[in-house]
Amino acid sequence: MFWNALTLQLGYNATLVTIGATLLGIAAGVTGTFLYLRKRALVSDAISHATLPGVGIAFMLMVLLGGDGRALPGLLLGAAVSSWVGLLCVSWLTQRTRLSEDAAIGAVLSVFFGFGIVLLTVIQTMGAGRAAGLESFLLGATAGMLFNDALVIAGGGALTLVAVLILRRPMTLLAFDPEYAAARGINVGRMDLAIMALALAVTVIGLKIVGLILIVAMLIIPPVTARFWTERTDHMVMITGLCGGLAAWIGAGLSAVAPAMPTGPIIVLVSFGLFVASLLLAPNRGVLAVYLRHVRFQRRVHLRQGLLALAQGQPIYEAYTVRLLKQAGLAHADGVPTEAGRARAAKALRDEKRWELVRADQAFESAAALYDGLRDIETVLTGDQISEIDQRIGGPQGVAS
Amino acid sequence: MSGEEFVPLSLTPMLIGVLAAVACALPGNFLVLRKQALIGDAISHVVLPGIVVAFLITGVVAAAPMMLGAAGAALVSVVMIEAIRRLGNIEPGAAMGLTFTTLFAAGVLLLEQSDTSSVHLDVEHALYGNLESLIWLDAIGWESLLDPVALAGLPPELGRVVIALLGVCAFLWLFWRPLVLSTFDESFAQAMGIATNRVGVALVMVAALAAVAAFDAVGSIIVIAMFICPPAAARLMTNRLEHQVGWSVVFAVLSAVFGYVFAGYGPLWLGFDNAVSAAGMIATVSGIILAIAACFAPHRHRSGAPAV
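Residues numbered from 1 in each chain as written. Chains lettered and ligands numbered in written order. Predicted model: local features only at pLDDT ≥ 70, side-chain atom pairs only at ≥ 80, totals over all residues. Heavy atoms only, no water.

With respect to the layout of surface pockets
- The computed volume of the largest pocket comes to approximately 970 Å³.
- Along the walls of the largest pocket sit 33 residues, with Gln36(B), Ile39(B), Arg85(B), Pro92(B) and Met96(B) positioned nearest its centre.
- Secondary structure elements with two or more residues in the lining of the largest pocket: α6 (101–126) of chain A together with α2 (37–58), α3 (63–88), α4 (92–113), α8 (176–184) and α10 (196–218) of chain B.
- Looking at the lining of the largest pocket element by element, the count peaks at 7 residues for α3(B).
- In terms of residue class, the lining of the largest pocket is built from 15 nonpolar, 7 polar and 11 charged.
- Along its surface, the second largest pocket is lined by 19 residues, and Phe34(A), Arg168(A), Arg169(A), Thr172(A) and Asp234(A) are the ones closest to its centre.
- Of all the secondary structure elements, the ones that give two or more residues to the lining of the second largest pocket are α2 (12–37), α8 (147–176) and α11 (233–257) of chain A.
- When residues of the lining of the second largest pocket are assigned to their parent elements, the largest contribution, 9 residues, is made by α8(A).
- Each residue belonging to the lining of the second largest pocket can be placed in one class, and the counts come to 12 nonpolar, 3 polar and 4 charged. (1 Å grid on protein atoms, 1.4 Å probe; cavity = no way out; pocket = protein on both sides within 12 Å on 5 of 7 lines; lining within 4 Å. Points joined across faces, edges and corners; volume = space filled by probe spheres on them. Helix = DSSP H or I, 4+ residues; strand = E, 2+ residues; numbered from the N terminus. Nonpolar A, V, L, I, M, F, W, Y, C, P; charged D, E, K, R; others polar.)

This is the structure:
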């Protein structure tokens, strides 16, 4: 059943919703990448909440002009205009007053949203019943999705992706080094607005499916997820699109087979699931990888300290160190070194002395900079250099009488 | 307008609106100064899953478990934001956006899954609140303010908002010095022996308390708007913190009173029949106040910035 939903064999409406949601997920993820890299992820919150008054005004205008108030293109146009105004308010407040960006975002989102609610109550009293459905923009509603709606979403998503493709280089530059970007002749303010405008476009086309409160999640969660897997922007954009599309595809499929599972929240939760999996399992940046790295580091420190203690005949009180030495066959349970342990300990002590000379000698300055107490000296110096140092240390000598 | 009409129908909603606005604006001052303004946004979103879970556990729509649930959700969200930020090395804004949208989505899903159709619990209610319905039916006029029987019939939300406001005031009064120091100069505060982390968490919890109490009465829009707009406008009026707090209270009261009046009576003046959403109108008025402050307030520019 779930498989049928994923392979688009569950009827016309479910197919439309699944395709539309997947396209939206890809577009939202890709656009959100630059928003996230620019460290302005929460601007999307202001953008999305600021669409509401536009939806209300567009509805009223269309009714006043004698049309059907619920025509999707008109409503989306209104949403785009009002959230553009909201966006300009955010950047005006941030640049022209002393308010910081988070205060500007919060002020714009709450005021625009509040005004939108006022307009919705006005509409409710305007014509009985006709406004039904406008509330669906809050949380999205896919049940009554029409083919034209799907076309609007697909077309908008494709246009957004093309725009990202064209602007990807200046946007990347801006995200990592705004001053350099400015020096290269990129208009920083305008390029910032372009990033926001792309997010705005995604928000507006996503209103129908996930609603204005949850579209923020589709812009934020996939980039954060993708960031765990790569250090390269171009890879990140692709992984983000994959994560966003996958979450939307699975989410739409789930909501098609399970009753009372609204599409928007399910997509967000699937997306969050992908995030948690990445947070735990990603190589390098994942929690598990970091933990394993930490454990390995701890082992090396304990082993080395244990070997130095053995070499100097000091007792070892740390139980973990003794256990590690015993596992490696270097010491007995009571902390007395084995034959192999004695050899390794002598080598560790000798290496320590070698490092001491290296760090004292200006000629080895660059090698000495790599000293962290754990690095094997063989990985830093050549065999010739080491034997030169060994000559300075000298071999064992008898006591002069 | 006569007392017979005003006292039962408008006095209590207006009073609750004013008190809730002030209770949110007071901690909002510090949130805005600490660049944590959006914590208020996050808290007001996660209150929804909190009350839904409380409802699912207890099975009743009662104030106490819901407030506990909401406070618990606020705490969970703060912990989650911090955990994601540290574990994943993710910038705070994204961690916050990720957390509150996920929790909100979970709340909506729980709400749809559970059978809450019989009770008055839905997303719209959580967003708009029901300020207009908090009427005082036992009152017959101004004289009811002195009548103990009628006073017993005051809406219970009023009491809760008063308690929350008193709690916020007590917190600010008791911890004023550590709060101010850790807001403006964290390292100096640490050198003075103040546990700045704990002060920060305490501030967020107090904000959550105010948000939950206000949310119960007036919905989440007012909560976000009042956390940010009056303090932000006040920030543009003065360079002194005491004055800023004072201005923010003035702006919060003005927003609540004018918002309520415009929502309730504005449409009538314009010739329409029905009132509009009071919560939305209060948020709108606070935005207008902020806009005026941003254009004309004496300290609107950054210090040192060239006059434009």
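Let's talk about the pattern of salt bridges
Residue and element names in this part refer to chain A.
- Scanning all chains against the criterion turns up 19 salt bridges over all chains.
- One salt bridge in this structure joins arginine 354 and aspartate 390, with 2.9 Å as the shortest N-O distance. Of this pair, arginine 354 sits in helix α15 (residues 339–360) while aspartate 390 sits in helix α17 (residues 383–393); the two residues are 36 residues apart in sequence, bridging distant segments of the chain. Neither residue differs from the other here; arginine 354 and aspartate 390 are each classed as buried. (Salt bridge = Lys/Arg side-chain N within 4 Å of Asp/Glu carboxyl O. Buried < 20%, exposed > 50% of the residue type's maximum accessible area, 1.4 Å probe, protein only.)

A few points about the interface of chain A and chain B
- The interface of chain A with chain B comprises 57 residues on the first partner and 60 residues on the second.
- Broken down residue by residue, the surface that chain A buries against chain B is led by Leu42(A), Arg98(A) and Asp102(A), which jointly contribute 15%.
- Put simply, chain A and chain B have 0 salt bridges between them.
- Put simply, chain A and chain B have 10 residue pairs in polar contact (both at pLDDT 80 or more) between them.
- Every element with two or more residues in the side of chain A that touches chain B is listed here: α3 (43–49), α5 (72–96), α6, α7 (136–139), α10 (188–227) and α12 (263–281) of chain A.
- A per-element tally of the side of chain A that touches chain B places α6(A) first, with 17 residues. (Contact = heavy atoms within 4.5 Å. Buried area = accessible area lost by both parts, 1.4 Å probe. Polar contact = N/O pair within 3.5 Å; in protein donor to acceptor, adjacent residues only side chain to side chain.)

A look at the domain arrangement of chain A
- The domain architecture assigned to chain A consists of domain 1 (2–262) and domain 2 (288–393).
- Once you take the C-alpha centre of each, domain 1 of chain A and domain 2 of chain A turn out to be 56 Å apart. (Domains from an automatic or database assignment.)

A short note on α17(A)
Residues and elements named next belong to chain A.
- For α17, the full list of buried residues reads Ile386, Ile389 and Asp390. Looking straight down α17, one finds its buried side chains confined to an arc of 105 degrees; they lie on one side. The exposed set on the far side of α17, more than 90 degrees from its buried face, consists of Asp384 and Gln391. (Arc of directions from axis to C-beta.)

Points about a nonpolar patch on the surface
- On the surface, a nonpolar cluster with roughly 670 Å² of combined accessible area is contributed by Trp247(B), Val250(B), Leu254(B), Phe258(B), Phe262(B), Leu268(B) and Trp269(B).
- Inspection of the secondary structure puts Leu254(B) in helix α12 (residues 241–269). (Patch = residues over 30% accessible without salt bridge, like charges linked within 9 Å, V, L, I, M, F, W, Y side chains within 5 Å. Areas by Shrake-Rupley, 256 points an atom, 1.4 Å probe, with all protein chains shown as cover.)

Concerning the nonpolar core
- By size, the foremost hydrophobic cluster in this structure holds 206 residues, and its most contacted members are Phe275(A), Ile43(B), Ile90(B) and Leu290(B).
- Considering every element that reaches this core, the biggest residue donor is α10(A), with 24 residues.
- Not counting residues up to four positions away in its chain, the partners in contact with Ile90(B) are Tyr36(A), Val224(A), Phe228(A), Phe275(A), Ile84(B), Arg85(B) and Ala95(B).
- One finds Ala309(A), Val322(A), Leu325(A) and Ala348(A) within the second-largest nonpolar core, a separate group that totals 13 residues. (Core = buried A, V, L, I, M, F, W, Y, C linked by side-chain atoms within 4.5 Å.)

A few points about the environment of Gly373(A)
- Mapped onto the elements, Gly373(A) comes out in the loop between α16 (365–368) and α17.
- Accessibility expressed as a relative area gives 13% for Gly373(A), which makes it buried.

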